[in-house]
Amino acid sequence: MDDLSSTRRTWHALAEHLLAGDLQRRTGRIGLRVTPGGFGQPEITGDAGRRRIRIDGPHVVFLDGDVERWHTPATAAEAAHLVGADLGAPTGTYETQTTLDPTAELRIEPAAASALSTWFGLVARSLEAVRHRCADAAPSIVQLWPEHFDVACTISEVNLGGSPGDDAHPEPYLYVGPWSPRTGPFWNEPWGASLGWEHVTDEDAAIRFLLDGLREADALG
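Residues numbered from 1 in each chain as written. Predicted model: local features only at pLDDT ≥ 70, side-chain atom pairs only at ≥ 80, totals over all residues. Heavy atoms only, no water.

**Some details on the overall build of the chain**
1) Next: Of regular secondary structure, the chain possesses 4 helices and 11 strands.
2) Next: The C-alpha atoms of the chain give a radius of gyration of 18 Å, which matches the 17 Å a tight globule of 221 residues would have.
3) Next: On the principal axes, the C-alpha backbone points of the chain span a range of 50 × 40 × 30 Å.
4) Next: The proportion of buried residues among the 221 residues of the chain is 53%.
5) Next: A separation of at least 24 residues holds for 54% of the contacts in the chain among residues at least 6 apart in sequence.
6) Next: In the form shown here, the chain has an accessible surface area of approximately 10600 Å², with 48% of it arising from carbon and sulfur atoms.
7) Next: Here the chain contributes 18 positive and 32 negative side-chain charges, whose respective centroids are spaced 5 Å apart. (Helix = DSSP H or I, 4+ residues; strand = E, 2+ residues; numbered from the N terminus. Rg over C-alpha atoms; globule rule 2.2 N^0.38 Å. Buried < 20%, exposed > 50% of the residue type's maximum accessible area, 1.4 Å probe, protein only. Contact = heavy atoms within 4.5 Å. Areas by Shrake-Rupley, 256 points an atom, 1.4 Å probe, with all protein chains shown as cover. Lys, Arg positive; Asp, Glu negative; His and termini not counted. Charge placed at Lys NZ, Arg CZ, Asp CG, Glu CD.)

**Focus on the packing of helix H1 (residues 2-27) against helix H3 (residues 110-133)**
1) Next: Contact geometry of H1 with H3 gives a least axis separation of 9 Å together with a crossing angle of 65°. In this view, H1 runs roughly perpendicular relative to H3, as classed from their interaxial angle. The two elements H1 and H3 cross, and the hand of that crossing is right-handed. Judged by residue contacts, Asp3, Leu4, Thr7, Arg8 and Trp11 of H1 engage Ala112, Ala113, Ala115, Leu116, Ser117 and Phe120 from H3.
2) Next: Here the residues of the contact of H1 with H3 are counted per class, giving 7 nonpolar, 2 polar and 2 charged. (Axes fitted to C-alpha atoms, helices over the stretch in contact; angles between N-to-C directions. Parallel < 35°, antiparallel > 145°, perpendicular 65-115°, else oblique. Left-handed = near helix turned anticlockwise from the far one by under 90°. Nonpolar A, V, L, I, M, F, W, Y, C, P; charged D, E, K, R; others polar.)

**Some remarks on the packing of H3 against helix H4 (residues 203-216)**
1) Next: It is the contact of H3 with H4, at a shortest axis distance of 9 Å, that shows an interaxial angle of 50°. Classified by the angle between their axes, H3 and H4 sit oblique to one another. For the element pair H3 and H4, the recorded crossing hand is right-handed. For the pair formed by H3 and H4, the contact residues are Leu122, Arg125, Ser126, Leu127, Ala129, Val130 and Arg133 on the first element and Glu203, Ala206, Ile207, Leu210, Leu211 and Leu214 on the second.
2) Next: When grouped by side-chain class, the residues that make up the contact of H3 with H4 number 9 nonpolar, 1 polar and 3 charged.

**Overview of the sheet that holds strand S10 (residues 173-178)**
Each strand in a sheet pairs with another by means of backbone hydrogen bonds, the pair being arranged parallel or else antiparallel.
1) Next: Strand order in the open sheet formed by 5 strands is S7-S8-S9-S10-S11, with antiparallel pairing between adjacent strands. Strands at the two margins of the open sheet, each flanked by one partner only, are strand S7 (143-145) and strand S11 (193-196). Shown here is a sheet whose adjacent strand axes are inclined to one another by a mean of 25°, direction ignored.
2) Next: Relative to strand S9 (residues 158-163), strand S8 (residues 150-155) runs antiparallel, the two being bridged by 5 bridges. By the bridge assignment, Val151 is partnered in S9 with Gly162.
3) Next: The strands touched by H3 are S7, S8, S9 and S10; relative to S8, the strand with the most contacts, the crossing angle is about 10°. (Pairing = 2+ DSSP bridges.)

**Considering the pairing of S8**
1) Next: Counting buried positions along S8 yields 5 of 6 residues, so the element is predominantly enclosed.
2) Next: As judged from the 3 bridges shared by S7 and S8, these two strands associate in the antiparallel manner. Note that in S8 the partner of Leu144 across the bridge is Val151.
3) Next: Joining the antiparallel neighbours S7 and S8 is a turn of 4 residues, in which Phe149 adopts a positive phi near 55°.
4) Next: With antiparallel pairing between neighbouring strands as the criterion, S8 and S9 make up a hairpin whose turn holds 2 residues, including Ser156 at a positive phi of roughly 50°.

**What to know about H1**
1) Next: Here H1 is 26 residues long and its end C-alpha atoms lie 35 Å apart, about the 38 Å a rise of 1.5 Å per residue gives.
2) Next: Of all the bends in H1, the largest measures some 40° and sits at Ala15.
3) Next: By the criterion of burial, H1 is predominantly enclosed, with 20 of the 26 residues buried.
4) Next: Backbone geometry just downstream of H1 places Gly28 in the positive-phi region, at approximately 85°. (Expected span 1.5 Å × (residues − 1). Bend = angle between axes of the 7 residues up to and from the residue.)

**Regarding the packing of aromatic side chains**
1) Next: Applying the stated criterion across every chain yields a total of 9 aromatic pairs.
2) Next: Centroid distance Tyr175 to Trp191: 6.1 Å. Interplanar angle 90°. Geometry classified as edge-to-face. Taken together, the residues span a long stretch of sequence, with Tyr175 in strand S10 and Trp191 in the loop between S10 and S11 at a distance of 16 residues.
3) Next: A relative accessible area of 10% means that Tyr175 is categorised as buried.
4) Next: Grouped by ring-pair contacts, the aromatic residues Trp11, Phe39, Phe120 and Phe149 constitute a single cluster. (Phe/Tyr/Trp six-rings, centres within 6.5 Å; stacked < 30°, edge-to-face > 60°.)

Quick look at the structure:
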């Protein structure tokens, strides 16, 4: 549990202060993506060619043109230097949820990182399956949002997603969050409904929970 929490906090800080901040300064956007081994920026193209920063376990992976360069930095300051980025969270979009000491040792435990990346992958695939079933509702794309550090999309004014854990939920969980409050036995959170990862045995279980949430929110039409 300690390794999972410390790795999650480190990943979250890197998502805000390295990846999302760099992405906003280059493109004006902040939405990240689930990528192999973790998460990363969408690919950026421009006069300098292709570029992307992503996190794969303890590694910071930098796409430079058609080449990926793998680094295992000791600190966030070293990571930023290696990928040619400035540290600093996005500005003017949300209140930063993490703090980052640029010179502190990055605490990323490989087994915990693997568990979290597996969770992110399951959530992303499940959301894509739900989006496919609800294509007529014009679902938003699946993104990893740096402020909450969750993988999510929106369908018919209902937020659907999966978190790697937070202060209120120390372990990963799925969630359904209607924009307008709902009542009833399905809704076990003040803001909607959650399902802990111990109950998410596979993608089918995740898809079932997410679709049940849309039905309970009367969002399936």
